[in-house]
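These are the residues of each chain, in order.
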Amino acid sequence: MSNINEYEIKKPKVDLNYSSQLKPVHSDPNPEAKPLPKVTIDGKAYEFKPGDTIMQVAERYKIHEEIPRYCYHPGMPIAGTCRMCTVEVEKAPKLMTSCSTPAGDGMVVHTRSEKVMKSRTGVMEFLLTNHPLDCPVCDKAGECELQDYNFEYGPAKSNFKEEKRVYDNATTKKLSPLVTLNMNRCVHCERCVRFTDDITKTNDLVMVNRGWHKELEATTEAGLTNEYQGNLTDFCPVGALTWNDFRFQKRSWFLTRKASICDGCSKGCNIEVHSDADVVYRYVPIFNEMVNGHWMCDSGRNSYVDFMNPYRVTTPMLKQNDSMHSVSIDALLASVNAQLKSASSVQIVVGTDATREEAALLKEKVPALIGKTVAVSYFNGTNGVTSPADDKKLDQLLKMKDLTPNTRGVADEGLAPLANGELNAEVAILFRNGRAGVPKMKADQKLVLWGVWSQKDIQSLPSKNILGVIAGLATIEKEGSYKNVDGIVQKFHPAIIHRGGALSAHQVVGLWKSLT
Amino acid sequence: MTHQYVEPVLTKFVNEPNSHTLDFYVKNDKGYEALRKALTMKPAEIVDEVKKSNLRGRGGAGFPTGMKWSFMPAKPVDVNGNPKPKYMVCNADEGEPGTFKDRLIMTKVPHKMIEGMIIACHAIESNKGFIYIRGEFYKETRIMQKAIDEAKAAGFLGKNIMGTGYDCDLIIYKGAGAYICGEETALLNSLEGKRGEPRLKPPFPAQVGAYGMPSCVNNVETFAAVPYIMNEGAEKYASLGIEKAGGTRLYGVSGHVNKPGVYELPMTMTLREVIEVAGGVRTGHTIKAVIPGGASCPMLRADEIDVKMDYDSLAKAGTMSGSGGVIVLDETVNIVEAVYVLLKFYEHESCGQCSQCREGSHWLARMFKRILDGGGTNDDLDYVAKICSNMAGQTICAFADAVTGPALSSVKKFRSEFEDLIRNGGLHPKKGEAHSHAKEGAHV
């Protein structure tokens, strides 16, 4: 697959999930061409694109960890208020904020001079004067920028003897059912305010009051209403905004962080799966300029629940004596194989949440195993989408109408949409990974279910005539590739190991083959 | 004003009962003649004239006014190539503690300022000006609005001014009473209806100002000086002042003097002479400290007040000429208490954007309070300098520097008073507790 739009999702080298992916730039080797300007940072010259700020040059050459920041975020407008990213620029009388100062040709920048370090220590001391020193009970501990930067730049001790600032009802303020605000911990970087103003454009949050008792509040009584609230809790540098679903569930340093993809819609946001002992605790977005930028939506963020739920069928199930029983995969395949062979007609319906590899397998290999002509088609069934052409953007950011990840990829395999969205063969194999819808069917339709199914899904099927369930792997447990709404093929690898009895489609086909 | 030390430019008629009316202004003060003259001149000529007059901004920073006007882009266009309007903004948000000179102009000679502003609008080729008046100035706003209405009715303002075809409109905008909105970019934000927080510079207001358009922000007193320059000529105005700063200045003298008030004086006078003009320190008392230019200027001791009142001499003496608000403190004042009052003001007025200013102003105010209450230690005094050095010059606007002015200078110049408080257990020590409490220090 040598597609120029192919992208392999990898965990970024830098741990902060909002690091930018600016690439180094090089002058045109042609001697006639005007060379790019150069800025010297800490004794080394770097070429940059005219218009870059000092921070962006540092990001291009992956030296931005030398510059701490609170209010700066590469995905948002510049505020320049935290004063943490100041650097010394030769010939400038004052320290300059690297986030807002454009780099100039021949500029000489020092990121670790004595003056700079003193200023950073000063900012850290000021921020800590009113910040509670209760890291052991703070949910952000371990991934808190205040902690990290204080370790690196903070003063060993402070002379602050005054009482700390305490806001009314600070620790229990719910901004929405999803996000909790602890105002006492806030360092007033206002990333959250700028996010709701400029990214989601919902203007949900506002700072009220002035100076040291400046307080973050929701603009209306409804609180946060945008569908990207989880991002607030990602980029909040301290434990002020926390994600209720994750709050106090796990210490961040116990989490294993692996890259994967969100299969909640046709966008295919790149995510980092945070798990411990193969139990997923949360998804956070990974920066991908081509797909999701820095963000992901809340329904995608919470979609891990579908794979971690106790109703999911994780062992092969076979219908014996009118009820479903957990059996070995060999027994299941033997029984299903016999029934398929004796059926008058068989059809396979591939959900558009199958990976491109699974779709190819179901189209090429499985009909041969059954040994007769089998109609293979795909079915989407979410939000009334039947083919890629029905998909459209639901807002200005990420949300899509098609709630399955791979409609384009499955269509690319040469499959056609299921006619009328209705099953018509005697036995139908429904392959679906928990995202695609279920086609219309007769009340006595014989079904073989394959993929990620929950008991609730099965109970709500119109037909109770289920021959068996072949438990499959969810997106985060397998490897494969999806083609997203913009035609970008994204490859992914397992983020966690499936601990139940579900098998990948390739394993199932391998075992099936050995039967025949 | 009993003594005249210089030909008054602004305050000649302020004691007349009707000086704020258009009739009086036109009859006695060459009212709107400067405008008539200016409208016959090319904008660039006016800017040159103001440059020649050495007029420097009266808001506090003392930036040359003509230069500021010449920074305005000639023919600004937006991204689509359409011409953009330019705006003139008047900073009438006189909020600096100890400063009350603009109020005098607005209540007594509003037409002078309005005329100056129309000329300034013409000079930068703008057709609209905004007058941002401090929220607390109810009376001033009313008088200004009346004056604008009068000028409009008389054809000095509005469409086709005096038949020259030049249109200019002035709009009054009332602030909500935040000190920080006296900072020009915070003022612009507030004018636009946003939070009054200073903007990151660059871009400067001359490129991106009010409503994203090129704008020029000047003080009330600066505008009020312009008609005189037009009428009497730049040379005459420049000759009233000193080498690099033309004209007279208004000094608002307050505190422990016999005759507090606004005095129009030349910049050649020393601070001691200015205090003498205001009747001297109140009878039977001696000067302890003087704040020479509004609360944010570092204070001077009684032995340091023989300093000339121009921009550069005061800078050499380690303080600022600021907004001309001279605050005189006599020996009955406890410096720590006086500075605490200022710091409490700054703590309340910091906009809270920059970390250093938000937390530092709060910290300093609380620390001074603790010293006043008897919980201070000598370490605290050394720490004031450290906090101030971490604040000054590190933030978006000059507010943090303003906070450190009184805090740092008071500790440096009146350290013994702090030490007395620390030793005695505060301003109002309880009997028998003084020593033990001071030794123990405050509890975290």
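Residues numbered from 1 in each chain as written. Chains lettered and ligands numbered in written order. Predicted model: local features only at pLDDT ≥ 70, side-chain atom pairs only at ≥ 80, totals over all residues.

Participant: If you had to explain the overall build of chain A to someone new, which residues and values would you point to?
Facilitator: Looking only at helices and strands, chain A has 11 helices and 24 strands in total. Projected onto its principal axes, the C-alpha coordinates of chain A cover approximately 85 × 65 × 35 Å. Counting every position in chain A, which comprises 516 residues, the buried fraction comes to 47%. In chain A, once contacts between residues fewer than 6 apart in sequence are set aside, the share between residues at least 24 apart is 64%. (Helix = DSSP H or I, 4+ residues; strand = E, 2+ residues; numbered from the N terminus. Buried ≥ 20, exposed ≤ 12 C-beta atoms within 10 Å, placed from the backbone. Contact = placed C-beta atoms within 7 Å.)

Participant: Got a sec to walk through the overall build of chain B? Specific residues and values, please.
Facilitator: From N to C terminus, chain B includes 18 helices and 9 strands. In terms of overall size, chain B behaves like a compact globule, its C-alpha atoms giving a radius of gyration of 23 Å where 444 residues would be expected to give roughly 22 Å. Based on the C-alpha atoms only, the size of chain B along its principal axes is roughly 80 × 55 × 35 Å. Counting every position in chain B, which comprises 444 residues, the buried fraction comes to 55%. A separation threshold of at least 6 residues defines the contact pool for chain B, and within that pool the share at least 24 residues apart is 70%. (Rg over C-alpha atoms; globule rule 2.2 N^0.38 Å.)

Participant: Lay out helix α3 (residues 43–52) of chain B in plain terms, naming residues and giving numbers.
Facilitator: Residues and elements named next belong to chain B. Looking at α3, one finds that the buried residues are Ile46, Val47, Glu49 and Val50. Seen from one end, α3 has its buried residues packed into an arc of 160 degrees, which puts them on one side. The elements touched by buried residues of α3 are α2 (33–40), α4 (65–70), α6 (110–123), α9 (220–232) and α10 (234–240). Within two residues after α3, Asn54 carries a phi angle of roughly 60 degrees, on the positive side. (Arc of directions from axis to C-beta.)

Participant: Could you give me a rundown of the packing of helix α5 (residues 101–108) of chain B against α9 of chain B, with the residues and numbers involved?
Facilitator: Residue and element names in this part refer to chain B. The interhelical angle for the contact between α5 and α9, taken along N-to-C directions, is 50 degrees, at an axis separation of 9 Å. Of the possible angle classes, the one that applies to α5 and α9 is oblique. Crossing of α5 over α9 shows left-handed handedness. Mapping the contact onto sequence places Lys101, Asp102, Ile105 and Met106 in α5 and Val220, Glu221 and Ala224 in α9. The class makeup of the residues in the contact of α5 with α9 is 4 nonpolar, no polar and 3 charged. (Axes fitted to C-alpha atoms, helices over the stretch in contact; angles between N-to-C directions. Parallel < 35°, antiparallel > 145°, perpendicular 65-115°, else oblique. Left-handed = near helix turned anticlockwise from the far one by under 90°. Nonpolar A, V, L, I, M, F, W, Y, C, P; charged D, E, K, R; others polar.)

Participant: I'd like to hear about the sheet that holds strand β7 (residues 287–291) of chain B, residue by residue, with values.
Facilitator: Spatially, β6-β5-β9-β7-β8 (chain B) is the arrangement adopted by the 5 strands of the open sheet, whose pairing is mixed. Looking along the sheet, the strands with just one partner apiece sit at the ends: β6 (261–266) and β8 (300–301) of chain B. (Pairing = 2+ DSSP bridges.)

Participant: So, the interface of chain B and chain A: which residues are in play, and what are the values?
Facilitator: Between chain B and chain A, the residue contacts involve 31 residues of the former and 24 residues of the latter. Counting residues per element, the ones that place at least two in the side of chain B that touches chain A are α13 (335–349), α14 (355–372) and α15 (378–391) of chain B. Counting residues per element, the side of chain B that touches chain A draws most heavily on α14 of chain B, at 11 residues. Here the residues of the side of chain B that touches chain A sort into 10 nonpolar, 13 polar and 8 charged.

Participant: Any details on the packing of helix α2 (residues 114–129) of chain A against α14 of chain B? Residues and values, ideally.
Facilitator: Two quantities define a packed helix pair, namely the angle between the axes and the distance from one axis to the other. Relative to each other, α2 of chain A and α14 of chain B sit at 55 degrees, their axes nearing to 9 Å. In terms of their interaxial angle, α2 of chain A and α14 of chain B are classed as oblique. In this structure, α2 of chain A meets α14 of chain B at a crossing whose hand is left-handed. Two secondary-structure elements touch here, α2 of chain A through Gly122, Val123, Phe126, Leu127 and Thr129 of chain A and α14 of chain B through Ser355, Gln356, Glu359, Gly360 and Trp363 of chain B. The residue makeup of the contact of α2 of chain A with α14 of chain B, split by class, is 4 nonpolar, 5 polar and 1 charged.

Participant: I'd love a proper account of the environment of Asp457 of chain A, names of residues and values included.
Facilitator: Tracing the backbone through its elements, the reader meets Asp457 of chain A in helix α10 (residues 455–459). As a C-alpha pair, Asp457 of chain A and Gly434 of chain A span 23 residues in sequence and 8.6 Å in three-dimensional space.

Participant: Go over the domain arrangement of chain A with me, naming the residues and quoting the values.
Facilitator: What the domain assignment lists for chain A is domain 1 (133–141 + 162–253) and domain 2 (317–515). Taking only C-alpha atoms into account, the centre of domain 1 of chain A sits 41 Å from that of domain 2 of chain A. (Domains from an automatic or database assignment.)

Participant: Mind laying out the domain arrangement of chain B, listing which residues take part and the relevant values?
Facilitator: Residue and element names in this part refer to chain B. As assigned here, chain B comprises domain 1 (22–240), domain 2 (248–330) and domain 3 (335–440). Domain 1 puts 10 residues into the contact, and the matching count from domain 3 is 8 residues. The class makeup of the residues in the side of domain 1 that touches domain 3 is 7 nonpolar, 1 polar and 2 charged.

Participant: I'd like a rundown of the environment of Thr222 of chain B, residues and numbers included.
Facilitator: Residue and element names in this part refer to chain B. Looking at where Thr222 falls in the secondary structure, it is placed in helix α9. The exposure class assigned to Thr222 is buried, which follows from the 26 C-beta atoms found within 10 Å. Contact partners of Thr222, with chain neighbours within four places excluded, come to Leu55, Gly57, Arg58 and Thr65.

Participant: Describe in detail the nonpolar core, supporting the description with residues and values.
Facilitator: One broad trend across soluble globular proteins is that nonpolar side chains are buried collectively. One finds Val89, Met117, Ile119, Ala120, Val274, Val290 and Leu364 of chain B to be the most contacted residues of the largest nonpolar core, which totals 134 residues. Every residue in contact with Met117 of chain B, bar those within four places of it in the chain, is listed here: Met88, Cys90, Gly129, Leu170 and Phe223 of chain B. One finds Cys262, Cys269, Ile470 and Ala471 of chain A within the second-largest nonpolar core, a separate group that totals 72 residues. (Core = buried A, V, L, I, M, F, W, Y, C linked by C-beta atoms within 7 Å.)

Participant: I'd like a description of the pairing of strand β3 (residues 169–174) of chain B, backed by residues and values.
Facilitator: All names here are of chain B. Here strand β2 (residues 128–133) runs beside β3; their pairing, made up of 6 bridges, is parallel. In the strand pairing of β3, Ile133 is matched with Lys174. With helix α7 (residues 138–153) bridging β2 and the parallel β3, this β-α-β connection has right-handed handedness. (Right-handed = clockwise from strand over helix to strand, strands pointing away.)

Participant: Let's hear about the sheet that holds strand β4 (residues 86–89) of chain A: which residues, and what values?
Facilitator: Residue and element names in this part refer to chain A. The 5 strands are arranged β3-β2-β6-β4-β5 in an open sheet whose pairing can be described as mixed. Looking at strand neighbours, the two that pair on one side only are β3 (44–47) and β5 (96–97), the edges of this open sheet. Bridging between β4 and strand β6 (residues 108–110) involves 2 bridges; their strand directions are antiparallel. Counterpart to Val89 in the pairing with β6 is Val109. Together, β4 and β6 form the strand contacts of α2, whose direction differs from that of β4 by roughly 160 degrees.

Participant: Would you mind going over helix α17 (residues 415–424) of chain B in detail, with residue names and values included?
Facilitator: All names here are of chain B. Buried within α17 are the following residues: Phe418, Leu421 and Ile422. One face of α17 carries all of its buried residues, which in axial projection span an arc of 100 degrees. Of the residues one or two after α17, Gly425 is the one with positive phi, at around 80 degrees.

Participant: I'd like a description of the pairing of strand β21 (residues 446–451) of chain A, backed by residues and values.
Facilitator: All names here are of chain A. Within β21, 5 of the 6 residues are buried, leaving the element largely enclosed by the surrounding structure. Here strand β20 (residues 427–432) pairs with β21 via 6 bridges, running parallel. Residue pairing in the sheet places Ile429 in a bridge with Val448 of β21. Strand direction decides the pairing type here: β21 and strand β22 (residues 466–471), joined by 5 bridges, are parallel.

Participant: Which residues make up the confidence of the model for chain A, and what values do they have?
Facilitator: Mean pLDDT over chain A: 90, with 97% of residues reaching 70 or higher. Mean pLDDT per element in chain A: strand β1 (residues 6–8) of chain A is the minimum at 76, and β6 of chain A is the maximum at 95. (pLDDT = per-residue confidence, 0-100.)

Participant: Please provide a residue-by-residue account of unusual backbone geometry, values included.
Facilitator: Glycine aside, the phi torsion of most residues is negative, and most peptide linkages are trans. Omega for the peptide link from Lys201 of chain B to Pro202 of chain B comes to -5 degrees, which places this bond in the cis form. By secondary structure assignment, the location of Pro202 of chain B is in the loop between α8 (184–191) and β4 (215–219). Following Pro202 of chain B, the chain continues into Pro203 of chain B via a peptide bond in cis, with omega recorded as 5 degrees. Along the chain, Pro203 of chain B turns up in the loop between α8 and β4. Although it is not a glycine, Lys91 of chain A adopts a positive phi angle of roughly 80 degrees. With respect to the helices and strands, the residue Lys91 of chain A is situated in the loop between β4 and β5. In this model, Asn203 of chain A sits at a positive phi of 50 degrees, which is unusual for a non-glycine residue. Its 14 C-beta neighbours within 10 Å are what place Asn203 of chain A among the partly exposed residues.

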